[in-house]
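Understanding the architecture of this molecule
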Amino acid sequence: MKTHDHNIPPVGIDLGTTYSVVAHLDAQGHPETLVNAEGERLTPSVVFFDEFEVIVGREALKAFARLPERAAECSKRDVGYKVYHKVLQGKYYPPEVIEAYILNKLRQDAAQQIGEFSQVVITVPAYFDEVRRKATQDAGYMAGLEVMDIINEPVAAALAFAYEEGFLDNNVEVSQSQKILVYDLGGGTFDVTVMEIRGHEYVTLAIDGDVRLGGWDWDQRLVDLAAEKIIRVHGFDPREDVRAWGKLWSLCEEAKRTLSVRSKAVISFEYQGRTAEIEIQREQFEEATQDLLDRTRFTTIQALKAAGVTWDEIDRVLLVGGSTRMPMVRRLLREMAKKEAETSVSADEAVALGAAIHAGWLLGKARGEPPRFRIRNVNSHSLGVVGVDPLTRRPRVGTIIPRNTRLPIIAKRRFKTHRPNQRSILVQIVEGESPSPEDCCPIGQVSVKDLPLNLPKGWPVEVIFHYRSNGRLRVKIRVPQMERDINAEFHRERALTKELLDGWRRFISGKEPTDYE
Ligand code: AMP
């Protein structure tokens, strides 16, 4: 692999629900995980709002077990919503602001080792919709970073795997195509992606997933199992006291890890003078979480169907995300795929390593180097506009770009003015699979206010949707036969304004605002 320019270090960040990882390419171009200020490769994605300071990582996780009401955990699960579900120190924070605190720590800690940098690649679950992708980019901006690109976690994992296997080496001819299934079960999200490596091309065939399913849900089931025993012994439900719950949760998360290597785990719970020793058998745990596993089975089958691929055609299964260490997950994949999953790259670090490889590629491209690989994506959700059903006169979503369409793509939709001299139109854009707008995720509204005077009724107005390779959307308006561009304002439903982003950027990272869309 080529030696890269040392002025700008290629950095990739896996911003995980429960843990985050930073990687870079070393002087020889090898991807390598960077340790944080505490000397760990994985930084807990927890933010603790102390009275006078904001703490991120291991210390925040410890504080969370004591004072969960002051800590933000799993903020990635809330990304895309206006505010994080918990009030913290009397305030509602946008989830991307919490993510920005995490990224800021990752940036500062990494800079201690490789020097100041700002350009990064951040990964997102393949199943993240446009709104969540934009919010992730905004989090990077508020953390003082310049997000060169966002790539899908499974694609990053496949790159890391390909690097490890030597496929990315320019001297290695990869002639045979390989179909890969990436099963990614992290702390809070589940993604399944079917990919094909065709020589140096990384083609995503289909994506499916669940943005609210992950190791956290397995933890909660253990908490429930333990809580039932505590109620039996002490007549007290630890889930009803936020601090008792925080403590029990962290014990259960640890017990879950034990159950990945042993057939039983013991939880010693002590709270306000009450103690309970709870023994949990692996079998019992697996039984209590079988339905969660079944949800991943169902989604995996759906993704294969969408890709038009059968299990026989899958050459390799990649397991990504800490939760794939659970024996029940490995068993499920062995059963379905009839083969063992790959373990050549660490499930925890593969995504960040792949992101660093992609960052190296982007920086190399900017310097005019020939590409070593090419990524081709699909969109994970259908894009549509809200119109009126002519039969029922009720709002209805008209799909413009169906899910699993190859990106980038440009699609046009023609609207007609309803009356003579109409000066404005409003187009409501959503993502989702349902015909009913309430069940879809609102992206925003495009409003055009300066249509030319005296257009007759029925005059066409074209809305152009451009989905870029990274799943981000741009919208333009064109009125045929008009010379000048029409000003279209794209008002996002749930995004922070540029002023707020700039304010948070200064506050969190101490960096000055820059040009940012
Ligand atoms: P990730 O976001 O990919 O780092 O995944 C983190 C999730 O993996 C958390 O829910 C952890 O509890 C879980 N996890 C990590 N290690 C293990 C393990 N050995 N057994 C079971 N779950 C694990």
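My aim in this report is to walk through the structure given alongside it, one point at a time. (Residues numbered from 1 in each chain as written. Predicted model: local features only at pLDDT ≥ 70, side-chain atom pairs only at ≥ 80, totals over all residues. Heavy atoms only, no water.)

With that out of the way, let us pick up the overall build of the protein chain. What the protein chain contains, in helices and strands, is twelve helices and 24 strands. On C-alpha atoms alone, the protein chain measures out to a radius of gyration of 24 Å, which is about the 24 Å that the 2.2 N^0.38 rule sets for 517 residues. By principal-axis analysis of the C-alpha atoms, the protein chain measures approximately 80 × 60 × 50 Å. For the protein chain, long-range pairs separated by at least 24 residues make up 66% of all intrachain contacts whose partners lie at least 6 apart in sequence. When the accessible surface of the protein chain is totalled, it reaches about 22800 Å², and 47% of it is carbon and sulfur. Charge-centre separation for the protein chain: the mean point of 71 positive side chains lies 5 Å from the mean point of 75 negative side chains. (Helix = DSSP H or I, 4+ residues; strand = E, 2+ residues; numbered from the N terminus. Rg over C-alpha atoms; globule rule 2.2 N^0.38 Å. Contact = heavy atoms within 4.5 Å. Areas by Shrake-Rupley, 256 points an atom, 1.4 Å probe, with all protein chains shown as cover. Lys, Arg positive; Asp, Glu negative; His and termini not counted. Charge placed at Lys NZ, Arg CZ, Asp CG, Glu CD.)

With that settled, consider the state of the cysteines. Within the structure shown, the criterion is met by zero disulfides. Not engaged in a disulfide, the cysteine Cys 440 finds its nearest cysteine sulfur in Cys 441; these two sulfurs lie 8.5 Å apart. (Disulfide = S-S within 2.5 Å.)

To continue, consider the site of the ligand. Taken together, 14 residues surround the ligand, and among them Thr 18, Glu 253, Lys 256, Ser 260 and Gly 322 come closest. A distance of 2.4 Å is found between an oxygen atom of the ligand and a side-chain nitrogen or oxygen belonging to Glu 253. The separation between a nitrogen atom of the ligand and a polar side-chain atom of Arg 257 is 3.4 Å. Its free accessible area being 500 Å², the ligand has 91% of it covered by the protein chains. Per-element accounting of the shell around the ligand gives the leading share, four residues, to helix H7 (residues 242-261). Along the lines of polarity and charge, the residues of the shell around the ligand split into two nonpolar, eight polar and four charged. (Near = heavy atom within 4 Å. Polar contact = N/O pair within 3.5 Å; in protein donor to acceptor, adjacent residues only side chain to side chain. Nonpolar A, V, L, I, M, F, W, Y, C, P; charged D, E, K, R; others polar.)

Right, let's get into the packing of helix H5 (residues 153-165) against helix H11 (residues 350-366). Packing of H5 against H11 leaves a shortest axis separation of 7 Å and a crossing angle of 80°. Compared by their axis directions, H5 and H11 come out roughly perpendicular. Of H11, the residues touching H5 (which contributes Glu 153, Ala 156, Ala 157, Leu 159, Ala 160 and Tyr 163) are Ala 350, Val 351, Leu 353, Gly 354, Ala 355, Ile 357 and His 358. Split by residue class, the contact of H5 with H11 holds ten nonpolar, two polar and one charged. (Axes fitted to C-alpha atoms, helices over the stretch in contact; angles between N-to-C directions. Parallel < 35°, antiparallel > 145°, perpendicular 65-115°, else oblique.)

Ordered in space as S18-S17-S20-S21-S24, the five strands form an open sheet in which the pairing is antiparallel. If you trace the sheet from one side to the other, it starts and ends with strand S18 (395-401) and strand S24 (488-492), each paired once. In this sheet, neighbouring strand axes are inclined to one another by 30° on average, regardless of whether the strands run parallel or antiparallel. (Pairing = 2+ DSSP bridges.)

Further remarks concern the nonpolar core. Core analysis: the biggest nonpolar cluster contains 61 residues, and Leu 181, Tyr 183, Val 194, Trp 218, Leu 248 and Leu 333 have the highest contact counts within it. Per-element tally for this core: the top contributor is helix H6 (residues 215-234), with eight residues. With residues near it in sequence (within four places) discarded, Leu 181 still touches Val 192, Thr 193, Val 194, Thr 300, Leu 304, Trp 311, Ile 314, Arg 316, Val 317, Leu 318 and Leu 333. Ranked by size, the runner-up nonpolar core spans 36 residues in total, among them Ile 151, Ile 180, Val 320 and Ile 357. (Core = buried A, V, L, I, M, F, W, Y, C linked by side-chain atoms within 4.5 Å. Buried < 20%, exposed > 50% of the residue type's maximum accessible area, 1.4 Å probe, protein only.)

Moving on: the environment of Ile 301. One can find Ile 301 in helix H9 (residues 290-307). For the pair Ile 301 and Met 336, spaced 35 residues apart in the sequence, the C-alpha separation amounts to 9.2 Å.

Turning to the packing of aromatic side chains, a few remarks are in order. Tallied over the entire structure, the rule returns 14 aromatic pairs. Taking 6.1 Å as the distance between ring centres and 50° as the angle between the ring planes, the aromatic pair formed by Tyr 93 and Trp 504 counts as tilted. One end of the pair, Tyr 93, is in the loop between helix H2 (75-78) and helix H3 (95-114); the other, Trp 504, is in helix H12 (residues 498-509), with 411 residues separating them in the sequence. Judged by relative accessible area, which is 7%, Tyr 93 ranks as buried. Trp 504 sits in the buried class, given a relative accessible area of 18%. With 6.1 Å between their ring centres and 80° between their planes, Tyr 202 and Phe 373 make a pair best called edge-to-face. With Tyr 202 in strand S12 (residues 201-210) and Phe 373 in the loop between H11 and strand S16 (374-376), this residue pair connects regions lying 171 residues apart in the sequence. Put simply, the rings of Phe 49, Tyr 93, Tyr 101, Trp 504 and Phe 507 touch in pairs and so form one group of aromatic residues. A cation over a ring is seen here: Arg 132 above Phe 128, with NZ or CZ 5.9 Å from the ring centre. We note Arg 505 situated over the ring of Tyr 141; from NZ or CZ to the ring centre the distance is 4.4 Å. (Phe/Tyr/Trp six-rings, centres within 6.5 Å; stacked < 30°, edge-to-face > 60°. Lys NZ or Arg CZ within 6 Å of the ring centre and 35° of its normal.)

In space, the five strands of this open sheet follow the order S15-S10-S11-S12-S16, with mixed pairing throughout. This sheet does not close on itself; its edge strands, each paired only once, are strand S15 (316-320) and S16. Across the sheet, the mean angle separating the axes of adjacent strands is 25° when strand polarity is ignored. Sheet analysis places strand S11 (residues 190-198) next to S12, joined by nine bridges and oriented antiparallel. Within the sheet, the bridge partner assigned to Ile 197 lies in S12 and is Tyr 202. Where H5 meets the sheet, it contacts strand S10 (178-185), S11, S12, S15 and S16, and its direction lies at approximately 115° from that of S15.

On the secondary structure map, Arg 506 appears in helix H12. Separated by 146 residues in sequence, Arg 506 and Gly 360 have C-alpha atoms that sit 28 Å apart. For Arg 506, the side chain forms a polar contact with the side chain of Glu 512, separated by 3.2 Å.

Turning to the pattern of salt bridges, a few remarks are in order. In the structure shown here, the tally under the stated rule is 40 salt bridges. Of the charged contacts in the structure, one is a salt bridge between Arg 132 and Asp 129, with a shortest N-O distance of 2.9 Å. For Asp 129, a relative accessible area of 5% gives the class buried. One salt bridge connects Arg 376 with Glu 201, and the closest N-O pair in it is separated by 3.5 Å. With a gap of 175 residues between them, Arg 376 in strand S16 and Glu 201 in strand S12 connect regions that are remote in the sequence. (Salt bridge = Lys/Arg side-chain N within 4 Å of Asp/Glu carboxyl O.)

Moving on, we come to helix H4 (residues 130-142). Between the first and last C-alpha of H4 there are 18 Å, a value that for 13 residues agrees with the 18 Å anticipated at 1.5 Å per step. Counting buried positions along H4 yields 13 of 13 residues, so the element is predominantly enclosed. Phi turns positive, to about 80°, at Gly 144, one or two residues after H4. (Expected span 1.5 Å × (residues − 1).)

Any functional reading would require information that these geometric values do not contain.
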